[in-house]
Structure formats: C-alpha cells, structure tokens
Amino acid sequence: MRDHTRTPRLRTLLFVPGDRPDRIPKAAAAGADAVAVDLEDAVAATRKEQARRDAAAALAQLPAHGPAVAVRINAVDSGLADADVDALSDVLGRIALVIVPMCADVDTVRAASALLDHAEGRAGLDRGATGLVPLVETAAGVTDARAIAEADPRVHTLAFGPADLSRELGITPTAGGDELVHARSQVVLAAAAAGRARPIDGPHLDLDDADGLAVSAARARQLGFGGKQVLHPRQLPAVAAAFAPSSEELAWARRVDTAFREAEDEGVSSIRLDDGTFVDYPVAHRARALLAENAGLDGRGPHDEQGRIS
C-alpha cells in the first residue's frame, strides 16, 4: 500500500511542457504546490521522444527540496505510455505522481500501475512508491469515477478534465461551470467515497480572464475540490487564494475545536456555541480536518482527532 502522506495537499498544480526543459526549473520555482511536466497534449506528436529526453534531464537537475513533481504521460492506449514511463525510470525517485489521461475504466488505471511496477523495479524503488492521478475527462470516466478511484492502491486522487468532456458533450465550458456541475460533483463524490484526497479541478483555459479564473477556482472549492490545475504562473496567486482558508474560517475551526474538547472532557458530545452554532462530532471533525490541512498558517499546529496537539 502506498503511503499517501508523502504527497502534500495539491492546491495548485502548475503544468509545463515536457519539451521545454528551460521552463521546468522556472515552473518549480514559481510557488506552486506541485509541478506537472506534460508529455501529452502540450507536446506535438513529432516531438514526443525529444520531450521524454528533455523532461528526464531537467527533472534530474531539480533540487531535492521543492514542490512535488508530477508527470502527465500519454494515454495508456495511445501506444506512447510505455516509452514515457521507460524514459522516466532513472528519475522516478524524484516523481511523486504520474497523471494518466483519458481514464475511462479501471483497466486503464491498472495498466498504468503495471507500467510503474516495472519501472520502479528497474529503478530500485519500493513497489507502489509512485502515485497515480487518473484524469477523468470523458462521460465514461465520470460515470465510472468511483471504480477508477478504487482501482489501485497507487491512486492518490482524481483530476477533472473539462476540455475533452465539453467537446464530447457538445457544450462550452464557462467560469461558473453550471454546465459541468453534475460531472464535477460526481468526481468529488467518487474520490471521497474511495477514501482518496480531495480531487483536482481542471484548468481555467482563458489565460487573460482573471475574473473568470477567480470565479472558477472559488466554485471548484465550493464543490469540494482540493485544488486546481494551472496553465501559467500568473494564475497561481488567484488559485492559491481561492483554496486557502480565510482567517475567519480558521478562527471558527479553533473555536469549535476548543469548545468541543472541553465538552468531551465533561462527557458531552453536542454543544451550542455562543453564536448559536450547533456542534456535534461531524462538525467538530470538519473543524479539525480544516486545522490539520492548514497547519502552520496561523502559527499553531493541528489537533488530532481526539483534540490533542499532534
């Protein structure tokens, strides 16, 4: 079983073309939680082999301490994924996650996991050390999202792909995202039901639409996504801000946690705060999860489920 704690929460996942090795260290220094080196859509068909070599060389030169590193390989049924993973073998220890596009069924996830099994063996890594992020971007993938999330222990979480799904459905994606809210919610529910980390929403495709980006990111967080794919460094601040808790949210969580711990010590499991908020175990657990996910943002550590400092 893979240790999912080695991968941090991914609020911002910044994509960079694999055939632009000069941009990879710049992306790593841009302040994202993770950098995704793209061997798929961002690379022309004639440059796939060059992109593999360039990406592997650039990743080998990245400093050990930095953002998490992901690589999006080509689709498993494209005939290119085997060569992608093979080219990454020497730097696989630097890669936390492999993003698998066009995941429409469990077989796709398991095939990607098998490729990593072989690569980890060649690299001398523990089996399962590299996580998977299935990219759900088809109608079939959305309807089978829970099975995809549960398909293999390597799966860290799911990612949502609005561009291909919108093309398949014949719709135009908008910043508000009402046209895809059902599909997005299915992905969020699937990840939660499978016990995976909160999923990663797709990118806002208009790089010049700052207002739309803010709306899109806020909507994604409201639906339950844990982060968002980012196509350009200038999108990072808005996305990071959308997924960061406000000082008011953290203060609420601290107040709930403190009051509920005091109630627990007295054998009480439901209380009413001074502002009228009713708190029982589900509310207390939500507050504690918020504190644990954002430890250090207000200079204090998280509490564990029993309310003690961890």
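Calculation criteria
Residues numbered from 1 in each chain as written. Predicted model: local features only at pLDDT ≥ 70, side-chain atom pairs only at ≥ 80, totals over all residues. Heavy atoms only, no water. UniProt positions renumbered as here; feature names shortened; annotations may be inferred. Core = buried A, V, L, I, M, F, W, Y, C linked by side-chain atoms within 4.5 Å. Buried < 20%, exposed > 50% of the residue type's maximum accessible area, 1.4 Å probe, protein only. Helix = DSSP H or I, 4+ residues; strand = E, 2+ residues; numbered from the N terminus. Contact = heavy atoms within 4.5 Å. Axes fitted to C-alpha atoms, helices over the stretch in contact; angles between N-to-C directions. Parallel < 35°, antiparallel > 145°, perpendicular 65-115°, else oblique. Left-handed = near helix turned anticlockwise from the far one by under 90°. Nonpolar A, V, L, I, M, F, W, Y, C, P; charged D, E, K, R; others polar. Patch = residues over 30% accessible without salt bridge, like charges linked within 9 Å, V, L, I, M, F, W, Y side chains within 5 Å. Areas by Shrake-Rupley, 256 points an atom, 1.4 Å probe, with all protein chains shown as cover. Salt bridge = Lys/Arg side-chain N within 4 Å of Asp/Glu carboxyl O. Polar contact = N/O pair within 3.5 Å; in protein donor to acceptor, adjacent residues only side chain to side chain. Phe/Tyr/Trp six-rings, centres within 6.5 Å; stacked < 30°, edge-to-face > 60°.

The name an unreviewed UniProt entry gives the protein chain is Citrate lyase subunit beta/citryl-CoA lyase, with Prauserella rugosa as the organism. Turning to the protein chain, the UniProt record has this under Cofactor (unreviewed entry): "Mg(2+)".

Once that is clear, we can look at the nonpolar core. Core analysis: the largest hydrophobic core is formed by 61 residues, its most contacted members being Leu59, Val71, Ile95, Leu158 and Phe225. For this core, the element with the most residues is helix H4 (residues 106–123), which contributes six residues. Leave out the neighbours within four places in its chain, and Leu158 touches Val133, Pro134, Val136, Ala145, Ile148, Ala149, Val187, Ala190, Ala191, Pro199 and Ile200.

Our focus in this paragraph is the packing of helix H11 (residues 247–265) against helix H12 (residues 281–293). Put simply, H11 and H12 touch, their axes get as near as 9 Å, and they point 130 degrees apart. Here H12 runs oblique to H11, going by the angle between their axes. Like other packed secondary-structure pairs, H11 and H12 cross with a definite hand, here left-handed. Between H11 and H12, the contacting residues are Glu249, Leu250, Trp252, Ala253, Arg254, Val256, Asp257, Phe260, Arg261 and Glu264 on the first element and Tyr281, Val283, Ala284, Arg286, Ala287, Arg288, Leu290 and Leu291 on the second. When the residues that make up the contact of H11 with H12 are grouped by side-chain class, the tally is eleven nonpolar, no polar and seven charged.

On the surface, Leu205, Leu207 and Leu231 cluster together to form a nonpolar patch covering roughly 230 Å² of accessible area. Within the element layout of this structure, Leu207 appears in the loop between strand E7 (200–201) and helix H9 (210–223). Look at Leu207 and you get partly exposed, because its relative accessible area is 32%.

Moving on: the side chain of Thr108. Its place among the elements puts Thr108 in helix H4. Note on Thr108: relative accessible area 14%, which makes it buried. At a separation of 2.9 Å, a polar atom in the side chain of Thr108 contacts the side chain of Asp105. When neighbours within four sequence positions are excluded, Thr108 is seen to be in contact with Val76, Val100, Met102 and Cys103.

Another point: the packing of aromatic side chains. Taken as a whole and judged by the stated rule, the model has two aromatic pairs. With 6.5 Å between their ring centres and 50 degrees between their planes, Phe160 and Phe225 make a pair best called tilted. One end of the pair, Phe160, is in strand E6 (residues 159–160); the other, Phe225, is in the loop between H9 and strand E8 (227–230), and 65 residues separate them in sequence. On the basis of relative accessible area, Phe160 is assigned to the buried category, the value being 0%. When the ring of Phe260 is compared with that of Tyr281, the centres are 5.1 Å apart and the planes differ by 80 degrees; the resulting orientation is edge-to-face. Pair noted here: Phe260 is in helix H11 and Tyr281 is in helix H12, with a separation of 21 residues, a long-range link. Residue Tyr281 is classed as partly exposed on the basis of its relative accessible area of 35%.

The next subject is the pattern of salt bridges. For the structure shown, the criterion picks out 23 salt bridges. Residues Arg255 and Asp275 are paired through a salt bridge, measuring 3.5 Å at the closest nitrogen-oxygen approach. Of this pair, Arg255 sits in helix H11 while Asp275 is found in the loop between strand E9 (271–272) and strand E10 (278–279), placing the two residues 20 residues apart along the sequence. Several salt bridges share partner residues, and in doing so they unite Glu49, Arg52, Arg53 and Asp84 into one network.

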